[in-house]
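This is what each chain is made of:
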Amino acid sequence: MIPAGGASAMLPLLVSVPLLGGLASFVLGDRGRWAALGALALNAVLAALLLAATRAGPLDYALGGWSAPLGIALGADGLSALFVAVSALVTLVAGVYSLAYFAGGSATGRVFWPLWCLLLAALNTLFVTRDLFNTYVAIEVLGLSAVALVTLAGDVTAVRAALRYLLVSLVGSLCYLMGVALVYRVHGVLDAGALARISGSSPLECTALALMSAGLLLKTALFPLHFWLPEAHASAPAPVSAALSALVLKGTFYVLLRLWFEILPGAAGPGAGTTLAVLGAAAIAWGSLMAARTPRLKRLVAYSTVAQIGYLFLLFPLLGRGPGRAAALDAVVYFVLAHACAKAAMFLAAGNVQSVAGHDRIDELRGDALPGAGTQFAFALAGISLVGLPPTGGFAAKWMLLQGAAQAGAWWLFAVALGGALLAAIYVFRVLARCFDLTSVLAGREAPRLVHVAACREWSALVLALAALVLGLVAGPLLSGIHVPGVPR
Amino acid sequence: MPFTTCGVLLFAIGLYGVLAARPLLRRILAANIMGNGVFMVLVAGAFRPAQAGGAIPDPVAHALVLTGIVVAVSATALGLHLVCRLHELAPPAEDSRT
Amino acid sequence: MDLVEAGAVRPGRPVRLVLAVACGAVAAVVAWVLASGGAGQGRLTADVHAALPRSGVEHPVTAVLLNFRAFDTMLELAVLLVVAIATGAAGGIGHPGVRRANLCPAPSSPLLDSLVHDLVPFALLVGAYLLWVGAHAPGGAFQAGSVIAAAGVLAHFSPRLRPRVPDRWPTRAVLALGTAAFACAALAALAWTGVYLGYPPAQAGWWILAIESGATVSVAAALYVTFRAVMPADRLGHGED
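Reading guide: rules and limits
- Residues numbered from 1 in each chain as written.
- Chains lettered and ligands numbered in written order.
- Predicted model: local features only at pLDDT ≥ 70, side-chain atom pairs only at ≥ 80, totals over all residues.
- Heavy atoms only, no water.
- Helix = DSSP H or I, 4+ residues; strand = E, 2+ residues; numbered from the N terminus.
- Contact = heavy atoms within 4.5 Å.
- Buried area = accessible area lost by both parts, 1.4 Å probe.
- Salt bridge = Lys/Arg side-chain N within 4 Å of Asp/Glu carboxyl O.
- Polar contact = N/O pair within 3.5 Å; in protein donor to acceptor, adjacent residues only side chain to side chain.
- Phe/Tyr/Trp six-rings, centres within 6.5 Å; stacked < 30°, edge-to-face > 60°.
- Buried < 20%, exposed > 50% of the residue type's maximum accessible area, 1.4 Å probe, protein only.
- Lys NZ or Arg CZ within 6 Å of the ring centre and 35° of its normal.
- 1 Å grid on protein atoms, 1.4 Å probe; cavity = no way out; pocket = protein on both sides within 12 Å on 5 of 7 lines; lining within 4 Å.
- Points joined across faces, edges and corners; volume = space filled by probe spheres on them.
- Domains from an automatic or database assignment.
- Nonpolar A, V, L, I, M, F, W, Y, C, P; charged D, E, K, R; others polar.
- Expected span 1.5 Å × (residues − 1).

Here's the deal with unusual backbone geometry
Residue and element names in this part refer to chain A.
So, step 1. Cis peptide bonds are those with omega within 30 degrees of zero, and the linkage from Phe223 to Pro224 qualifies with 0°.
So, step 2. Topologically, Pro224 is positioned in the loop between α8 (203-220) and α9 (229-235).
So, step 3. The omega angle of the peptide bond from Pro390 to Pro391 is -5°, so this bond is cis rather than trans.
So, step 4. Of note, Ala221 is a non-glycine position whose phi angle comes to about 65°, a positive value.
So, step 5. Topologically, Ala221 is positioned in the loop between α8 and α9.

Printed below as a string of structure tokens:
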């Protein structure tokens, strides 16, 4: 792997740019948010370039000139590029939102921007690294910065939720590290490429995969390991919730994908994928049920995340062997992309609602104390994507899911997908009904007074919701470049 | 081999502590013990008795453990800070132990 | 249902028993597979020793940490920085109006004062030595940084010698120095040799020493700042600077 200039050099730059942006914003203090935004914008440009470059084929880069397994190798294919791109989009737009969310010279703002950039640096590292231990360190940066960001809300609920999140995060990453230790014991290398060639299905590798999966599932919040998520995502500030639901969970999910289907493909037993699918179905049911019952808006959105994560795991049995692999991989990727945009939009909109109304109790939201039409439209559009109605990205993802299920003959997935859509509709329309609630107007009080939050807050929520919509229209061209070794197109 | 077993035991004891203990400080300490268990497994595997040229320990495993120790210390520090803040914001009513 | 306090309610006895059995089972399985799985090839040891002359240092662990797997070390410094940001620097994230409960008064005995006065310079010297010797013996940035941080912790307990941590940009620059040194060195290497993190082989030793110096300062500062964040404000009113 000769480090070529040009395209491959983007890979380490994807980590350097947010890292330097975070450092600059930390040192600069109050004016640091502009340094951070500059880094986010530059990162978005790099992500777009990466997306274009991986069309031609996977990229590789050996850091320091030391080829793996002695050194650490970076690599990106179409799958990584898409994950990097959606991270860039969500962090940039939510960053613009945060400009107005955190007051100019506040102490909270000064801490937010460096942590936000470091979160992005950790995400990018996760998506481009090809080394198992490097993944562990990136997971830790991700987890710790996420915990720190949750505490920015400042109240006791947030700190409590952050503590629980921290403990969960530690247990998860240590289980993952134990798995890495086992793999290193038996194979003596940590490089993904080398492991993909020499890994088999010995008991030690199965145990290692089990441990690593347990840790990563805990961090990705698959039912029943989701218990920490609703509080943590609901009590964080709105842009932080958006990043947590949209991106942080997907980071560890990406690692799971690579482990199961590329690095240790032989170690996953035949029943393991089906177990995950069953848990995914349970997640959809449980998350939707709790979302329909909870009285608070942000908690509703958080439970919706629990449900949507279930969809990602429904497809695991299809990704391993047999027909329908390509369609299943397309579906998984599209679920990630569409959910990231839609959920981030939903959280940003919920943040607007909370700022205007002063609270987020759903039943007390009145039509005349809601933010402007932009926020409501963004929430509606995001909700429609989550339910899976055409022509949004959520619909495209579900369509591909059903295609893969039909090809593999897994007819029960049809029932689950349909049921999930119905349940999602319940909780989405529950909120939307408040937007159309005009009882106070009809009772003779004054006309609805639409209070406006700062324009960039409305626009950023709207942009992400529109992105979820656009994703539904560009599914074909976007997906033609994904390539995961072992899953033929 | 005994060191490896000890490491695995520490891992399990720490895992139990995080899940089942009540005081927050104890759970953070249990997470530390879990980490130490993993590091012990890594270091125990680094010793290769008498391969071609005598017993040279594996430097990569040692470097991994050094990195891991720093990460564990950082995480513990964050956890302790959060416990302090929790006590500031919500002083415990009847139980004065952390 | 809303606020289940983390750690407030101890799980009941049957749940704890189940948990204990589960953890025991995990331990048994892992120990068994480790015992029967056998050791791997260990080829990385040979690779490291073969590449050692080109790495710029003589100690294999330092070479791995600062050259072969420098990316890991850079991220590890970022972990430390995240925690330093979150706990202490830039005004922290606490409510400015909340005073920490005085869990223990600040001791001020002449014995402690003289002990600190004698030990701190010695500790600084040991730290500097550890930094230097890391090239050819166990040592390096993290060990040196820890010793210097320990000196800071010791000095914290003597009101006369307590280090000041002003909330201004030099403090933040010191905290960010380690990660910044790594990131800038990586990009400088990209410009110089065309390879990210690829130090020029002839001067690799000096590059590593420069990075390690920055890292030592950063590690020591970060550890002290995080320590200070959990220490109570003393009742003489010094509190946080």
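So, the interface of chain B and chain A
So, step 1. Tallying the contact residues gives 34 residues for chain B and 27 residues for chain A.
So, step 2. Surface buried jointly by chain B and chain A totals about 2,600 Å² across both partners, of which 85% is contributed by carbon and sulfur atoms.
So, step 3. Broken down residue by residue, the surface that chain B buries against chain A is led by Leu64, Leu82 and Leu86 of chain B, which jointly contribute 19%.
So, step 4. Across the contact surface, chain B and chain A share zero salt bridges.
So, step 5. Summed over the shared surface of chain B and chain A, the number is two residue pairs in polar contact (both at pLDDT 80 or more).
So, step 6. For the side of chain B that touches chain A, the secondary-structure elements that each account for two or more residues are α1 (2-20), α2 (24-46) and α3 (59-89) of chain B.

Concerning the packing of aromatic side chains
So, step 1. If you walk through the whole model with that rule in mind, you get 25 aromatic pairs over all chains.
So, step 2. When the ring of Trp66 of chain A is compared with that of Phe68 of chain C, the centres are 4.7 Å apart and the planes differ by 80°; the resulting orientation is edge-to-face. Here the residue Trp66 of chain A occupies a position in the loop between β1 (59-62) and β2 (73-76), and Phe68 of chain C occupies one in helix α3 (residues 60-68), the pair thus bridging two chains.
So, step 3. Using a relative accessible area of 10% as the deciding quantity, one classes Trp66 of chain A as buried.
So, step 4. By way of ring pairs, the aromatic residues Tyr97, Tyr101, Phe102, Phe112, Trp113 and Trp116 of chain A are connected into one cluster.
So, step 5. The side chain of Lys398 of chain A reaches across the aromatic face of Tyr311 of chain A, ending 4.4 Å from its centre.

Describing the environment of Leu19 of chain A
So, step 1. Turning to its location among the elements, Leu19 of chain A is positioned in helix α1 (residues 10-28).
So, step 2. With 103 residues separating them in the primary sequence, Leu19 of chain A and Ala122 of chain A have C-alpha atoms 8.7 Å apart.
So, step 3. Apart from residues lying up to four places away in sequence, Leu19 of chain A is in contact with Leu118 and Ala121 of chain A together with Met74, Ala78, Thr179 and Ala183 of chain C.

Details of empty space enclosed by the protein
Residue and element names in this part refer to chain A.
So, step 1. Taken as a whole and judged by the stated rule, the model has twelve cavities of 30 Å³ or more.
So, step 2. In this model, the largest cavity occupies a volume close to 120 Å³.
So, step 3. In terms of lining residues, the largest cavity is bounded by Leu126, Thr129, Arg130, Asp131, Leu132, Thr135, Ala192, Tyr254, Val255, Arg258 and Ile263.
So, step 4. Looking at the lining of the largest cavity, the elements with two or more residues in it are α5 (132-150) and α10 (238-263).
So, step 5. The greatest single-element share of the lining of the largest cavity, amounting to four residues, is contributed by α10.

A short note on the domain arrangement of chain A
All names here are of chain A.
So, step 1. Here chain A is described as being made up of domain 1 (1-130), domain 2 (155-266) and domain 3 (270-480).
So, step 2. Taken together, the contacts link 27 residues of domain 2 with 29 residues of domain 3.
So, step 3. A buried area of about 2,400 Å², summed over both sides, lies between domain 2 and domain 3, and 83% of it is on carbon and sulfur atoms.
So, step 4. Interface area lost by domain 2 to domain 3 is led by Leu222, Phe223 and Phe253, which between them contribute 24%.
So, step 5. Counting every contact that joins domain 2 to domain 3 gives zero salt bridges.
So, step 6. Our count for the contact surface shared by domain 2 and domain 3 stands at five residue pairs in polar contact (both at pLDDT 80 or more).
So, step 7. Of all elements in the fold, only α8, α9 and α10 reach the threshold of two or more residues within the side of domain 2 that touches domain 3.
So, step 8. Tallied by class, the residues present in the side of domain 2 that touches domain 3 amount to 20 nonpolar, five polar and two charged.

Observations regarding helix α8 (residues 204-229) of chain C
So, step 1. End to end, α8 of chain C covers 37 Å across 26 residues, agreeing with the expected 38 Å (1.5 Å per residue, within 8%).
So, step 2. A large share of α8 of chain C lies buried, amounting to 19 of its 26 residues.

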